[in-house]
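Single-letter residue listing:
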Amino acid sequence: MVNKAVIIYSEEYEKINISLNEIHVEYRFLVREEFVPKYNINNTTYSGKNEINTNAFFSCYNEIRQIIDEHSINTIIFLMPNDSLKQVCEMFRELANIEAYILPINYTNNSISSFCDLIKIDLDKPRLRFVQYNVAQNCNLNCKGCANYSNIYRNSNFNCAESFRNDLIELKKFFWGVQEIKLMGGEPLLNDNICSFLIYAREIFPDSKLTIGTNGILLNKMDSKFFDVVKRNSVTFAISLYPSLKHKKESLEILLNKYDIDYIIMEFKGEFMKYLYDYPVRTMEDGYNNCPAKECHCLDNGYLAVCSKPLYLYRLNDNFNLNIPDQSGKFNLYKTNIDPWKLDELLRTPFDTCRYCGEKQYFAWKTVSKDEMQIQDWICN
């Protein structure tokens, strides 16, 4: 059978030359900017609303489907922005016997001459929008009201890179790709083996945006080998510049520019927020719909969770003798037989803990010692 392909590309990929001997490119379909679906993960954490626009792409989709049917296309190559691939690829889920490919996120050449330049994807599976993995549970800053309860965690052990690799392999059985993998903590740079985490993440999910969420304190102590791994694997730093660290901004910029590393510096205005109550305050649906961390999925020890609470809330419960539910909203990837599309749906579904998430309350940011922390640091009045 002759390999006949359609290339679906957006404007930023217009100048890439594609010459693949293995196939005949039957049609090239340009998707204009106004028709490209967009989903910005960075807006999920503290914005309250996501803007997802896929409706405009349907007219393009219908035209592409007609081309596929009329020309007996058996290969699709998507050259689309990272934040569009989940929505775009899902629309083609119904196609049978179609091979699909995307471009690696860190691809920098101006031409594609072989399928080795591309990533083959499985349209029978969804793509995950976001997954957070805490490579270190403890922290060197100990913010009051830490969202991951790192200042409650008293064990100095670090997560194992091999376990992380195994978890990602299991995750790939359910999702062909992940829009963004964010390594966090605690403070992730405390883990001396962080380079292995980056290498494994890029190896298993070459389509992903890789991010390290850090407070930046240790960056100027990292060696050149670390920055080489960061650069080679196209990692972005998301630096939370807390009030006591504002004086470090210029030196951090100089350091990261020296190694040509991508970064975002987020300057806090001096406030943290909490929205957890020790009794139900909303319906599950209201709690989820108003969640400031919606779709910030979390992976740990083989479990994939709707958010971080099902994985780390036990620390708060155990330390302050609370009984906030923490057993739903998480799925054991090694034991579940849930259909991948159903799992993707469940990760966007309200669960029991959502009833305890209510109106946000803001408080002045500061650090506290483990002996100074109080239940009021996390629980709303």
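Just above, that's the structure.
In this report, we go over the structure that sits alongside the text. This is a predicted model, so every value here is computed, not measured.

Observations regarding the overall build of the protein chain
Here comes step 1: A tally of helices and strands in the protein chain yields 9 helices and 17 strands.
Here comes step 2: Principal-axis analysis of the C-alpha atoms gives the protein chain an extent of 70 × 50 × 35 Å.
Here comes step 3: For the protein chain, the residues scored as buried account for 56% of the 381 residues in total.
Here comes step 4: In the protein chain, once contacts between residues fewer than 6 apart in sequence are set aside, the share between residues at least 24 apart is 75%.

Things to note about the packing of helix 4 (residues 194–204) against helix 5 (residues 224–232)
Here comes step 1: The interhelical angle for the contact between helix 4 and helix 5, taken along N-to-C directions, is 15 degrees, at an axis separation of 10 Å. Taken as axis vectors, helix 4 and helix 5 run roughly parallel relative to one another. Helix 5 is crossed by helix 4, and the crossing has left-handed handedness. Along the contact surface, helix 4 presents Ile194, Cys195, Leu198 and Ile199, while helix 5 presents Phe226, Val229 and Val230.
Here comes step 2: Residue classes in the contact of helix 4 with helix 5 are distributed as 7 nonpolar, no polar and no charged.

A closer look at helix 6 (residues 249–258)
Here comes step 1: If you check which residues of helix 6 are buried, you get Leu252, Leu255 and Leu256. Each buried residue of helix 6 lies within a common arc of 90 degrees when the element is viewed along its axis, so the set occupies one face. When the buried face of helix 6 is taken as reference, the exposed residues oriented beyond 90 degrees from it are Glu250, Ile254 and Lys258.
Here comes step 2: Tucked into the core, helix 6 has its buried residues touching helix 5, strand 11 (235–241) and strand 12 (262–267).

Quick notes on the side chain of asparagine 215
Here comes step 1: Tracing the sequence through the fold places asparagine 215 in the loop between strand 10 (209–214) and helix 5.
Here comes step 2: Among the polar contacts made by the side chain of asparagine 215, one reaches the side chain of asparagine 140 at a distance of 2.9 Å.
Here comes step 3: Non-local contacts of asparagine 215, meaning those with residues more than four positions away in its chain, are made with Cys139, Asn140, Leu141, Glu187, Ile239, Ser240, Tyr242 and Leu245.

A look at the state of the cysteines
Here comes step 1: Evaluation of the coordinates by the stated rule reveals 0 disulfides.
Here comes step 2: Just so you know, cysteine 354 is unpaired, no disulfide at all, and the nearest cysteine sulfur is the one on cysteine 357, 6.1 Å from it.
Here comes step 3: We note that cysteine 357 lacks a disulfide partner, and the nearest cysteine sulfur, in cysteine 291, lies 6.0 Å from it.

As for the packing of helix 3 (residues 161–172) against helix 4
Here comes step 1: Interhelical geometry of helix 3 versus helix 4 gives an angle of 15 degrees and a closest axis separation of 9 Å. Considering their axes alone, helix 3 and helix 4 lie roughly parallel with respect to each other. Regarding helix 3 and helix 4, the two cross each other, and that crossing is right-handed. Counted together, Ala161, Glu162, Phe164, Arg165, Leu168, Ile169 and Lys172 of helix 3 and Ser196, Phe197, Tyr200, Ala201, Glu203 and Ile204 of helix 4 form the full contact between these two elements.

A closer look at the pattern of salt bridges
Here comes step 1: Inspection of the entire model under this criterion finds 16 salt bridges.
Here comes step 2: Its salt-bridge partner being lysine 173, residue glutamate 170 comes within 2.8 Å of it at the nearest N-O pair.
Here comes step 3: Note on lysine 173: relative accessible area 47%, which makes it partly exposed.
Here comes step 4: Residues aspartate 344 and arginine 348 are paired through a salt bridge, measuring 3.0 Å at the closest nitrogen-oxygen approach.
Here comes step 5: By relative accessible area, aspartate 344 is classed as buried at 3%.
Here comes step 6: The partly exposed category is assigned to arginine 348, whose relative accessible area is 35%.

Description of the nonpolar core
Here comes step 1: One finds Leu171, Leu219, Phe226, Phe227, Phe237 and Leu304 to be the most contacted residues of the largest nonpolar core, which totals 59 residues.
Here comes step 2: Of all elements in the fold, only strand 8 (127–134), helix 3, strand 9 (177–184), helix 4, strand 10, helix 5, strand 11 and helix 6 reach the threshold of two or more residues within this core.
Here comes step 3: Top element by residues in this core is helix 4. It accounts for 7 residues.
Here comes step 4: Among the nonpolar cores identified, the runner-up in size contains 28 residues, and Val36, Cys60, Ile67 and Phe92 belong to it.

So, the sheet that holds strand 11
Here comes step 1: Spatially, 12-11-10-9-8-14-15-16 is the arrangement adopted by the 8 strands of the open sheet, whose pairing is mixed. Of all strands in the sheet, those bounded by a partner on one side alone are strand 12 and strand 16 (330–332). In this sheet, adjacent strand axes meet at a mean angle of 25 degrees when their direction is disregarded.
Here comes step 2: The pairing of strand 15 (residues 303–305) with strand 16 spans 3 bridges and is classified as antiparallel. By the bridge assignment for strand 16, alanine 305 is matched with lysine 330.

Notes on helix 1 (residues 57–70)
Here comes step 1: Compared with an ideal rise of 1.5 Å per residue, which puts 14 residues at 20 Å, helix 1 spans 20 Å between its outermost C-alpha atoms and is within 8% of the ideal.
Here comes step 2: Against the buried residues of helix 1 lie strand 1 (4–10), strand 3 (24–31), strand 4 (75–79) and helix 2 (85–91).
Here comes step 3: In the stretch just after helix 1, serine 72 is the one whose phi turns positive, near 50 degrees.

Here's the deal with the pairing of strand 9
Here comes step 1: A large share of strand 9 lies buried, amounting to 7 of its 8 residues.
Here comes step 2: Relative to strand 9, strand 8 runs parallel, the two sharing 7 bridges. Directly across from arginine 127, in strand 9, lies its bridge partner glycine 177.
Here comes step 3: In this fold, the crossover linking strand 8 to strand 9 by way of helix 3 has right-handed handedness.
Here comes step 4: Note that strand 9 and strand 10 share 4 bridges and pair parallel. If you follow isoleucine 181 over to strand 10, its bridge partner there is leucine 210.
Here comes step 5: Regarding topology, helix 4 serves as the crossover connection from strand 9 to the parallel strand 10, and that connection is right-handed.

Conventions and cut-offs
- Starting afresh in each chain, residues are numbered from 1 along the sequence in its written order.
- Confidence filtering applies because this is a predicted model: local features only for residues at pLDDT of at least 70, side-chain atom pairs given and counted only at 80 or more, and all residues used for totals across whole chains, interfaces and linings.
- Only hydrogens and water are set aside when side-chain values are computed; all heavy atoms of the structure are taken into account.
- Secondary structure follows DSSP: runs of H or I at least 4 residues long count as helices, runs of E at least 2 residues long count as strands, and numbering of each begins at the N terminus.
- Here the term buried applies to any residue with accessible area under 20% of the maximum for its type, exposed to any over 50%, and partly exposed to those in between, with areas from a 1.4 Å probe on protein chains only.
- Contact definition: two residues touch when any of their heavy atoms are within 4.5 Å.
- Comment: axis = line fitted to C-alpha atoms, over the contacting stretch for helices; angle = value between 0 and 180 degrees taken between N-to-C directions.
- The cut-offs work like this: below 35 degrees is roughly parallel, past 145 is roughly antiparallel, 65 to 115 is roughly perpendicular, and the gaps in between are oblique.
- In this scheme, a crossing is called left-handed if the near helix is turned counterclockwise away from the far one by less than a right angle; it is called right-handed if the turn is clockwise.
- Under this grouping Gly is polar, as are all residues other than the nonpolar Ala, Val, Leu, Ile, Met, Phe, Trp, Tyr, Cys and Pro and the charged Asp, Glu, Lys and Arg.
- What the arc covers is the set of directions going from the helix axis to the C-beta atoms.
- Pairs of N or O atoms are called polar contacts if they sit within 3.5 Å, as long as, within protein, a hydrogen donor faces a hydrogen acceptor (for residues adjacent in sequence, only side-chain-to-side-chain pairs).
- Note on terminology: disulfide denotes any pair of cysteine sulfur atoms within 2.5 Å.
- By convention in these notes, a salt bridge is any Lys or Arg side-chain nitrogen within 4 Å of a carboxyl oxygen on Asp or Glu.
- Buried Ala, Val, Leu, Ile, Met, Phe, Trp, Tyr and Cys residues that are joined via side-chain atoms within 4.5 Å together make up what is termed a nonpolar core.
- Strand pairing follows a simple DSSP-based rule, namely that at least 2 bridges must link the two strands.
- Expected span, for any helix, means 1.5 Å times one less than how many residues it has.
- A clockwise course of the path from the first strand over the helix to the second, judged with the strands pointing away from the viewer, identifies a crossover as right-handed.

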